[in-house]
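Report on the structure
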Amino acid sequence: MYQRILMPIDGSPCSFQAVEHGLGLAKTLGAKVHFLYVLENPAQAIWIAPESVPYGLELLEDLKRAGEEALKKAQALAAEKGVEATAELKEGVPIPTIVEAAQGFDLLVMGTHGRTGLDKLLLGSVTEGVLHRVSVPVLVVRCR
């Protein structure tokens, strides 16, 4: 049924709870997994003064390293479970980047913090945004 599973991650404990759940499912089904880390350029998300450009480039590199570390950790977890996995770091806006990537997969597995009210309004929900825009099934893992 599900042979190719996309697991977008952000390096948070919540996303790794979803990874654990998704890897268990992949192992049971004999499915392949693809981890996706979307790196949102902070210069595009916030206004940066000209004098802070050097730090902005440093920040982007730091964020890229964090993404690469998260992907390595996810791949190590997959290897431990005996699940075939690939990983990719893409620069972009999370929701549209994940929605576009989802087109080649049978299932998405994502974590959610389950925020409500003002927290949800201010912090948003990538998982909810993806859920309303993709045509493939999404398994949402609520973090504990």
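Since the structure is predicted, the reported quantities are computational estimates derived from the model, not experimental observations. (Residues numbered from 1 in each chain as written. Predicted model: local features only at pLDDT ≥ 70, side-chain atom pairs only at ≥ 80, totals over all residues. Heavy atoms only, no water.)

Considering the overall build of the protein chain
Helices and strands together make up the secondary structure of the protein chain, namely 6 helices and 5 strands. Listing every helix and strand of the protein chain by position from the N terminus yields β-α-β-α-α-β-α-β-α-α-β. Contacts spanning at least 24 positions in sequence make up 79% of the contacts within the protein chain whose residues lie at least 6 apart. Accessible surface for the protein chain amounts to roughly 8,400 Å². Of this, 55% is attributable to carbon and sulfur atoms. (Helix = DSSP H or I, 4+ residues; strand = E, 2+ residues; numbered from the N terminus. Contact = heavy atoms within 4.5 Å. Areas by Shrake-Rupley, 256 points an atom, 1.4 Å probe, with all protein chains shown as cover.)

A few points about the sheet that holds strand β4 (residues 107-112)
Read from one edge of the open sheet, 5 strands run β3-β2-β1-β4-β5, paired in parallel fashion. What marks the edges here is a single partner per strand, and that holds for β3 (85-91) and β5 (138-142). When strand polarity is set aside, the average angle formed by the axes of neighbouring strands in this sheet is 25 degrees. On the sheet, helix α1 (residues 13-29) packs against β1 (4-9), β2 (32-39), β4 and β5 and is oriented at approximately 170 degrees with respect to β1. (Pairing = 2+ DSSP bridges. Axes fitted to C-alpha atoms, helices over the stretch in contact; angles between N-to-C directions.)

Observations regarding the pairing of β2
Note on strand geometry: in a regular strand, side chains alternate between the two faces of the sheet. Most of β2 sits inside the fold, with 7 of its 8 residues counted as buried. Bridging between β1 and β2 involves 6 bridges; their strand directions are parallel. Residue pairing for β2: M7 is matched across the bridge by F35. Of the crossover connections in this fold, the one passing from β1 over α1 to the parallel β2 is right-handed. (Buried < 20%, exposed > 50% of the residue type's maximum accessible area, 1.4 Å probe, protein only. Right-handed = clockwise from strand over helix to strand, strands pointing away.)

Some points on the state of the cysteines
A covalent bond bridging the sulfur atoms of two cysteines is what the word disulfide describes. Considering all chains together, one arrives at 1 disulfide under this definition. Two residues, C14 and C143, share a disulfide whose sulfurs are 1.9 Å apart. Between C14 and C143, the S-S dihedral sits near 85 degrees, and the bridge is therefore right-handed. Taken together, the positions of C14 in helix α1 and C143 in the segment after β5 put the pair 129 residues apart, joining distant regions of the chain. Side by side, C14 and C143 carry an identical accessibility label, which is buried. (Disulfide = S-S within 2.5 Å.)

Details of the side chain of T97
Position of T97 relative to the elements: it lies in helix α4 (residues 94-102). Reaching out from T97, the side chain makes a polar contact with the backbone oxygen of V93 at a distance of 2.7 Å. The residues contacting T97, other than those within four sequence positions of it, are L36, V38, K90 and G92. (Polar contact = N/O pair within 3.5 Å; in protein donor to acceptor, adjacent residues only side chain to side chain.)

Structural notes on α1
With 17 residues, α1 ought to run about 24 Å at 1.5 Å a step, and its terminal C-alpha atoms sit 24 Å apart, in line with that. Looking at α1, one finds that the buried residues are C14, S15, F16, A18, V19, G22, L23 and A26. Backbone geometry just after α1 places G30 at a positive phi near 70 degrees. (Expected span 1.5 Å × (residues − 1).)

As for the pattern of salt bridges
Enumeration over the complete set of coordinates arrives at 4 salt bridges. In this structure, K81 engages E20 in a salt bridge whose closest nitrogen and oxygen atoms are separated by 3.5 Å. One end of the pair, K81, is in helix α3 (residues 53-81); the other, E20, is in helix α1, and 61 residues separate them in sequence. On the basis of relative accessible area, K81 is assigned to the partly exposed category, the value being 33%. Residue classification places E20 among the partly exposed positions, given a relative accessible area of 35%. Of the charged contacts, one joins R65 and D62 as a salt bridge, the two residues approaching to 2.5 Å between their closest N and O atoms. Residue R65 and its partner D62 are both found in helix α3; the two are separated by 3 residues, about one turn of the helix. (Salt bridge = Lys/Arg side-chain N within 4 Å of Asp/Glu carboxyl O.)

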